[in-house]
Amino acid sequence: MTNNDSVNDLTFEQVVTDLEHEHYNSAFDTPLRPDAFEMDDDTKMKLIAEHFTGIMQVLGMDLDDDSLRDTPKRVAKMYVKEIFSGLNPANKPKPTLFKNPFQYKQMLVERNIAVFSNCEHHFVPIVGKAHVAYISNGQVIGLSKLNRIVQYCSQRPQVQERLTMQIANMLKEVLGTEDVAVIIDAHHHCVSSRGIRDAGSTTLTAEYSGQFLIAETKNEFFKYIG
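Residues numbered from 1 in each chain as written. Predicted model: local features only at pLDDT ≥ 70, side-chain atom pairs only at ≥ 80, totals over all residues. Heavy atoms only, no water.

Topic: the overall build of the protein
Right, on to step 1. Broken down by element type, the protein carries 8 helices and 7 strands.
Right, on to step 2. Taken across its 226 residues, the protein has 36% of its residues classed as buried.
Right, on to step 3. Here the contacts in the protein between residues at least 6 apart in sequence split such that 67% fall between residues at least 24 apart.
Right, on to step 4. Split by element, the accessible area of the protein, about 14,000 Å² in all, is 54% carbon and sulfur. (Helix = DSSP H or I, 4+ residues; strand = E, 2+ residues; numbered from the N terminus. Buried < 20%, exposed > 50% of the residue type's maximum accessible area, 1.4 Å probe, protein only. Contact = heavy atoms within 4.5 Å. Areas by Shrake-Rupley, 256 points an atom, 1.4 Å probe, with all protein chains shown as cover.)

Rendered as structure tokens:
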């Protein structure tokens, strides 16, 4: 059977659904090269330190000064091990799921989860809060894992819309349910520290799926997060 024969055996609806699913998954992935993880962390830190040394030298900084001498190494370690560690799938949190013996079927809401990310356009901080909710389909997740999922998705160069969707997608994957909601309210330093220099504004993004697309359920979520 040829590939064309295989496609012909599928219904039009199946083909469209598969294509939409593939596009949905790829459209919200962080842009990475195929060889992104071929280099080990030590090599990455060494190269980043060398490049950051060049940036500091171009800016006219004196790297012989005691305060500046180790800055390139500190920045390199911070990039790889901390603020961009979410780029590496090896750091993806492992979910701890529990049975739901009490048959709790209402929404569970975790409010005010700290968001510390970085804008991929200027590499300056995005700082705010995430509110996440889900309705159990038979299992519940350890509460700290909700925080870790937000942290993992945040620790990479981001745009807030993608970050919101990535958190929601990971929650759906881990929990095995479509009944998930995510809201992020964040302050962007690319707005406050440069350009327009507006220190008072925040950006709000949201992603709803499953039962949270129903107005009554969504409004209940809004009530819980205030």
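On we go.
Details of the sheet that holds strand E3 (residues 125–135)
Right, on to step 1. Sheet architecture is open: 5 strands sit in the order E5-E2-E3-E6-E7, paired in mixed fashion. Every other strand in the sheet has two partners, leaving strand E5 (157–158) and strand E7 (203–208) as the edge strands with one partner each.
Right, on to step 2. Bridge analysis of strand E2 (residues 107–119) against E3 gives 10 bridges, and the strand direction is antiparallel. In the strand pairing of E3, leucine 108 is matched with tyrosine 134.
Right, on to step 3. Where helix H5 (residues 143–154) meets the sheet, it contacts E2, E3 and E5, and its direction lies at approximately 25° from that of E2.
Right, on to step 4. Along the sheet, helix H8 (residues 215–225) makes contact with E2, E3, strand E6 (180–188) and E7, crossing E2 at roughly 70°. (Pairing = 2+ DSSP bridges. Axes fitted to C-alpha atoms, helices over the stretch in contact; angles between N-to-C directions.)

Structural notes on the packing of aromatic side chains
Right, on to step 1. Inspection of the entire model under this criterion finds 5 aromatic pairs.
Right, on to step 2. With 6.2 Å between their ring centres and 70° between their planes, tyrosine 208 and phenylalanine 222 make a pair best called edge-to-face. Pair noted here: tyrosine 208 is in strand E7 and phenylalanine 222 is in helix H8, with a separation of 14 residues, a long-range link.
Right, on to step 3. Each ring, one from phenylalanine 212 and one from phenylalanine 221, has its centre 5.9 Å from the other, and the planes form 75°; the classification is edge-to-face.
Right, on to step 4. Relative accessible area serves as the criterion here: at 0%, phenylalanine 212 is assigned to the buried category.
Right, on to step 5. Sitting over the face of the ring of tyrosine 152, arginine 156 holds its NZ or CZ atom 4.9 Å from the ring centroid. (Phe/Tyr/Trp six-rings, centres within 6.5 Å; stacked < 30°, edge-to-face > 60°. Lys NZ or Arg CZ within 6 Å of the ring centre and 35° of its normal.)

What to know about the side chain of serine 154
Right, on to step 1. Position of serine 154 relative to the elements: it lies in helix H5.
Right, on to step 2. Overall, the relative accessible area of 1% leaves serine 154 in the buried class.

Digging into the pairing of E6
Right, on to step 1. The buried count for E6 comes to 8 of 9 residues, which makes it a mostly enclosed element.
Right, on to step 2. One ladder, built from 6 bridges, connects E6 with E7; its direction is antiparallel. Bridged to isoleucine 184 within E7 is threonine 205.

Side note on H5
Right, on to step 1. An ideal rise of 1.5 Å per residue puts 16 Å on 12 residues; H5 measures up with 17 Å between its terminal C-alpha atoms.
Right, on to step 2. Within the span of H5, buried status applies to Lys145, Leu146, Ile149, Val150, Tyr152, Cys153 and Ser154.
Right, on to step 3. In this structure, the buried side of H5 is in contact with E2, E3, strand E4 (139–141), E5 and helix H6 (160–175). (Expected span 1.5 Å × (residues − 1).)

Some points on unusual backbone geometry
Working note: non-glycine residues mostly have negative phi, and peptide bonds are mostly trans.
Right, on to step 1. Positive phi values are uncommon outside glycine, yet asparagine 112 reaches one of about 55°.
Right, on to step 2. Mapped onto the elements, asparagine 112 comes out in strand E2.

Notes on the environment of isoleucine 48
Right, on to step 1. Mapped onto the elements of the fold, isoleucine 48 is located in helix H3 (residues 41–58).
Right, on to step 2. Through-space distance from the C-alpha of isoleucine 48 to that of valine 75 is 8.0 Å; in sequence the pair is 27 residues apart.
Right, on to step 3. Contact partners of isoleucine 48, with chain neighbours within four places excluded, come to Ala76, Tyr79 and Val80.

Quick notes on a nonpolar patch on the surface
Right, on to step 1. A cluster of nonpolar side chains, contributed by Ile55, Leu59 and Met61, occupies part of the molecular surface with about 300 Å² of accessible area.
Right, on to step 2. By the element assignment, leucine 59 lies in the loop between H3 and helix H4 (71–83).
Right, on to step 3. You can call leucine 59 exposed: its relative accessible area is 64%. (Patch = residues over 30% accessible without salt bridge, like charges linked within 9 Å, V, L, I, M, F, W, Y side chains within 5 Å. Salt bridge = Lys/Arg side-chain N within 4 Å of Asp/Glu carboxyl O.)

Description of the packing of H3 against H4
Right, on to step 1. Relative to each other, H3 and H4 sit at 135°, their axes nearing to 8 Å. Between H3 and H4, the crossing angle belongs to the class labelled oblique. The element H3 and its partner H4 pack so that their crossing is right-handed. Between H3 and H4, the contacting residues are Asp41, Lys44, Met45, Ile48, Ala49, Phe52, Thr53 and Met56 on the first element and Thr71, Pro72, Lys73, Val75, Ala76, Lys77, Tyr79, Val80 and Lys81 on the second.
Right, on to step 2. Taken together, the residues of the contact of H3 with H4 sort by class into 10 nonpolar, 2 polar and 5 charged. (Parallel < 35°, antiparallel > 145°, perpendicular 65-115°, else oblique. Left-handed = near helix turned anticlockwise from the far one by under 90°. Nonpolar A, V, L, I, M, F, W, Y, C, P; charged D, E, K, R; others polar.)

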